[in-house]
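Analysis of the macromolecular model
One letter stands for each residue in the lines below.
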Amino acid sequence: MAAHDPSKQGLLGSTSTEHHADYSSDSDANVNNTPEYPTRRQRQQRKRRTQLTNRTPSFQPLPTRKSWLARRSRCCLIFAAFGLILFVILLVGGGLGYKAVLQEPPYGLSPPWYPSPKGGIAGTWYESYQKAAKLVSKMTLAEKVNITTGVGWQMGLAVGTTAPAIHVGFPALQLQDGPLGIRNADNITAFPAGITVGATWNRQLMYARGKAHAIEARAKGVNAILGPCVGPLGRMPAGGRNWEGFGSDPYLQGIAGAETIKGIQSEGVMATVKHFIANEQEHFRQPWEWGLPNAISSNVDDRAMHELYAWPFGDAVKAGVASVMCSYNMVNNSYACGNSKLLNGILKDELGFQGFVMSDWLAQRAGVSTTLAGLDMTMPGDGLRWANGQSLWGKELSRAVLNGSVPVERMDDMATRVVAAWYQMGQDDEEKWPRDKGPNFSSWTREKMGVMSPGSPTEQEEVVVNQFVDVQANHSVIARQVAAEGTVLLKNEGAVLPLTREGVRKRQNTNTTSDKLKIGIFGEDAGPIPGGPNSCKDRGCNQGTLGSGWGSGAVEFPYLVTPIEALRKQFDSSKVELHEYLSNQFPASASEKAVVQDLDLCLVLVNADAGEGFTAWENVRGDRPDLFLQKNGDLLIQQVAAKCGGGFSDVVVVIHAVGPVVMERWVDLPQVKAVLFANLPGEESGNALVDVLFGHVNPSGHLPFTIGKSLQDYGPGGQVLYLPNGVVPQQDFTEGLYVDYRWFDKHDITPRFEFGFGLSYTSFELGNATVKTVRPKSALPFPRLDPLVEPPTYPTDIPPVEDVLWPKEGIRKLEKYIYPYLSADEAHSAVSARQDGKKYPYPDGYDTPQPLSQAGGDEGGNPDLWQVKAKVTVDVRNTGKVAGAVVPQLYLSYPESGSAVSNQTLDFPVRVLRGFDKVYLEPGESRQVEFNLTRRDLSYWDVGVQNWVMVMEGQYTFHVGLSSRDLPVDVRW
Ligand code: BGC
């Protein structure tokens, strides 16, 4: 049964429907809001018309003048009849095919959730809402529209810009990608990617990187960073953008996301957590990009939605995130940015989100209905197609308020949420945030001079757009630390690592005659990128060493320390002879072969790249087609292993990659002694690598995903849908909770390296586990309390038309730029439509207010969910000879005998991550590590009672260890 089948129990899409097409109640608005692709009805009408016009003409009797003519006509007849039969077959077959496969599923199988909850119910935002209310109450309708609608693609210097509310002193907001640094800018830090941060398992570093990123953003004039990214979660290991996030587990994503947000917002910059939600693959992520008129629908059941995909967003909201970006895809056949269950229900009511929901770039697919569904800001402002200037909001939003389609209260809430977020960050402080300065760089040119709105064909004066402000400070130190701590040591047989400046501690190749140790460095990934690190736009190719994936999540590298540069410096040239083969072609000449034959040690650097779906490199169209190393990396390793020192010397493999890599072709080769998984290290790549290779930093990275023995081992849910299976491609998340290690554990599949795995140059011992009840168990959290504070209220009268009329002077109209204004005729006809009683066709369920969620009530949800229930302690000791950091991880197994409070069959993953820490220990030193388990950590999402529930019968088991499968101690509760 397809997961979008309404009868399926527990699906988000299990009741009635939401509207797709968007109408305003006056006709002009209708024209502008009609999607550019035909509706099903239009298609059927067109098909009927085509059938009529294509009807085969009837044939007249033929003249008998010449027999060849008669023969020809007979021949024609047979031909025509044959053609007719073929046509009918195709028609019938096509029709059946259409019915069977290509017919669109009914739009909006996600249940309705209205009305949109107002912001301003959390004590933590009280003052900001008070201040916002004062400001918003003075705004005209046009100003409210201005601050909620982007001005259009490339109409400002940042990737997203809103217009100001000038007369109340509210500035244009500048929004800039992305999760690993300031995109499209000069003199910034190219930090390691999210996946590398996840691999550090170091909360302090997560925070520090976020903070440094925000310091740079503010100095560049950016109000909001479009990051961190906690979705995709990594359901599919080949997913193109997994590397922007922190790893394939909701708990890890949640902690890393929240720490990053706290770091960013400690500097007064807004963080935008993205992409909400279930945007797990690039193929078909948005309409038209993949040749289809619709985006893919991720069909997710209610429990998996809560326990996996929405979980990290819950942490983000609890951390006070200012903004949430809704994603391109549909969820349960309703676009995420117009899905009222997701935005109004889960995000704003249940999670108590107080900031504003921003659309991904063109993820808004309808006008009024998205407003009602909880969208607060549209980006970049354009409508259904890139850069067309035909916003679904802008003047259409002004019109929809005037004609009564969008309730005034909703419009006020949208504006208030944006302004409250601005106050919450302290951006009203003019010293830190000089008004109307804007970004001091342009996302669209590297020249000093340029125009302010390059997206407009209107001629404009050139001004200084790039001031080349250097904002890097000493952030390279953090970048290097993250890259080093995010490098995972997977194999180290015979303690071949760490290397020494002289090469190795003990020489393997005793046949050699040379005094110097000969080391070979192999692979393109060790060397520079031809044309420089930024030679491909948005880093959309795999050349030279791999520092980041591609797409909007990438930045312009200010520099990129390649591994080879750092290695050259590190080895003592009086003792070591380096031989460099910076290509993936194994050396072929006789002289080269002779040198290789004589090498004492070989390092091979290989990689695998991916990125955002708007760019393809070779056969990597965003998502990877498989999990193998790229550019024949496997073969290169095999060749080096066979030939290095005649097949007798040690080989060290270093991998830079966007995600898991299948290593089965070489990992067990006897020569391959060490494997380092360096993820995506950013600008300090080479330096961080030598830190680990030479033991200046004892490796402490752990895998933020499972490395399986094959892509198939990740199960059916782990496979990207590469070919569309319908007009609206359907992807059913039927594996539910069983993603990554949860799948491997459930099906007892042995991975090559499990989630959480990582070696060190020292050894650790764990013991002495204890558990203490902090608060007694109880199945359900406290009932939802009334909010401590109330959202602001405003008069609900429809504003006067004068609010949105084109100003008489002081405005220079730019073509394609998005303005909030209407002509007098347009404004008056909107008012008449309302007076004539024309009604917007509100979605089904719009008039039935939903019961508030018992899981909600405050920022981050019901506060009781965050109360610590149990405390686990464990002693950790460094039993080796060198100092190093250890990452104790806590995994929880739910009581086996547990039964659900509602009538549902309970099934729990074997183990789920619910705690981790990172501690640095000198040799012989031991420390006690503490894990605090909250009610949410100990609960499952009960679809029946629609709440987080603790299992009351039986005992919980807390396992503590150094990976998801190395869990030497446990304690029961
Ligand atoms: C991406 C977002 C990004 C936005 C702006 C979109 O294509 O999905 O992650 O923030 O563009 O660049």
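Scroll up a little and you will see the structure.
The rules we used
- Residues numbered from 1 in each chain as written.
- Predicted model: local features only at pLDDT ≥ 70, side-chain atom pairs only at ≥ 80, totals over all residues.
- Heavy atoms only, no water.
- Helix = DSSP H or I, 4+ residues; strand = E, 2+ residues; numbered from the N terminus.
- Buried < 20%, exposed > 50% of the residue type's maximum accessible area, 1.4 Å probe, protein only.
- Contact = heavy atoms within 4.5 Å.
- Areas by Shrake-Rupley, 256 points an atom, 1.4 Å probe, with all protein chains shown as cover.
- Pairing = 2+ DSSP bridges.
- Axes fitted to C-alpha atoms, helices over the stretch in contact; angles between N-to-C directions.
- Near = heavy atom within 4 Å.
- Polar contact = N/O pair within 3.5 Å; in protein donor to acceptor, adjacent residues only side chain to side chain.
- Nonpolar A, V, L, I, M, F, W, Y, C, P; charged D, E, K, R; others polar.
- Expected span 1.5 Å × (residues − 1).
- Arc of directions from axis to C-beta.
- Disulfide = S-S within 2.5 Å.
- Salt bridge = Lys/Arg side-chain N within 4 Å of Asp/Glu carboxyl O.

Moving on to the overall build of the protein chain. When its secondary structure is counted, the protein chain shows 22 helices and 29 strands. Per-residue burial for the protein chain yields a buried fraction of 63% across its 973 residues. Contacts spanning at least 24 positions in sequence make up 79% of the contacts within the protein chain whose residues lie at least 6 apart. Total accessible area on the protein chain is roughly 35700 Å²; 53% of this is exposed by carbon and sulfur atoms.

Read from one edge of the open sheet, six strands run 12-17-16-15-13-14, paired in mixed fashion. Bordering the open sheet on either side are strand 12 (488-492) and strand 14 (576-581), each of which pairs with just one other strand. Geometrically, the sheet is characterised by an average inter-axis angle of 15° between neighbouring strands, direction not taken into account. As paired elements, strand 16 (residues 650-657) and strand 17 (residues 672-677) share five bridges and run parallel to each other. The residue of strand 17 that forms the bridge with Val-652 is Ala-674. Taken strand by strand, helix 18 (residues 633-643) contacts strand 13 (517-522), strand 15 (601-608), strand 16 and strand 17, and its axis lies near 175° from that of strand 15.

With that settled, the discussion passes to the site of the ligand. In the vicinity of the ligand, 13 residues are found, and the nearest of them are Asp-177, Arg-241, His-275, Asp-360 and Glu-612. Take Asp-177: an N or O atom from its side chain is 2.4 Å from an oxygen atom of the ligand. One of the side-chain nitrogen or oxygen atoms of Glu-612 is found 2.7 Å away from an oxygen atom of the ligand. Summarising the interface, the protein chains cover 96% of the accessible area of the ligand, which totals 310 Å² for the free molecule. Grouping the constituent residues of the shell around the ligand by class yields four nonpolar, two polar and seven charged.

Compared with the 16 Å implied by 1.5 Å per residue over twelve residues, the 16 Å span of helix 21 (residues 824-835) between its first and last C-alpha is a close match. Among the residues of helix 21, those classed as buried are Glu-826, Ala-827, Ala-830, Val-831 and Ala-833. The buried residues of helix 21 occupy an angular sector of 155° when the element is viewed end-on, so they sit on one face. Residues of helix 21 that are exposed and point over 90 degrees away from its buried face: Asp-825 and Gln-835. Once helix 21 ends, the next one or two residues include Gly-837, with phi positive near 80°.

Next up on the list: the environment of Gly-169. Tracing the backbone through its elements, the reader meets Gly-169 in the loop between strand 1 (160-161) and strand 2 (174-176). Note on Gly-169: relative accessible area 30%, which makes it partly exposed. Counting along the chain gives 259 residues from Gly-169 to Asp-428, while the straight-line C-alpha distance between them is 9.4 Å. With residues near it in sequence (within four places) discarded, Gly-169 still touches Trp-422 and Arg-435.

We now examine the state of the cysteines. Under the criterion given, the structure shown has three disulfides. Disulfide pairing places Cys-326 opposite Cys-337 at an S-S distance of 2.1 Å. Taking the sign of the S-S torsion, about 110° here, the bridge from Cys-326 to Cys-337 comes out right-handed. Of this pair, Cys-326 sits in strand 6 (residues 323-326) while Cys-337 sits in the loop between strand 8 (334-335) and helix 11 (340-350), and the two are eleven residues apart along the sequence. You'll find Cys-326 and Cys-337 in the same group, each marked buried. Across the protein chain, the way the bonded cysteines pair up, counted in sequence order, is 1-2, 3-4, 5-6.

This paragraph deals with unusual backbone geometry. Omega for the bond connecting Tyr-114 with Pro-115 falls within 30 degrees of zero, at -5°, which places this linkage in the cis form. As for its placement among the helices and strands, Pro-115 is situated in the loop between helix 3 (67-102) and helix 4 (126-136). Looking along the chain, the bond that leaves Met-379 and enters Pro-380 is cis, with omega of -5°. With respect to the secondary-structure elements, Pro-380 resides in the loop between helix 12 (368-373) and helix 13 (395-402).

The next point concerns the pattern of salt bridges. Taken as a whole and assessed by the stated rule, the structure comprises 45 salt bridges. The partner of Arg-410 in a salt bridge is Asp-376, and the shortest N-O contact between them spans 2.5 Å. Taken together, the positions of Arg-410 in helix 14 (residues 408-424) and Asp-376 in the loop between helix 12 and helix 13 put the pair 34 residues apart, joining distant regions of the chain. Grouping residues by exposure puts Arg-410 and Asp-376 together as buried. For Arg-417, the salt bridge is made with Asp-413, and the minimal N-O distance between the two is 3.1 Å. Of the two residues, Arg-417 and Asp-413 both sit in helix 14, four residues apart, roughly one turn of that helix. As far as the burial class goes, Arg-417 and Asp-413 line up, both buried.

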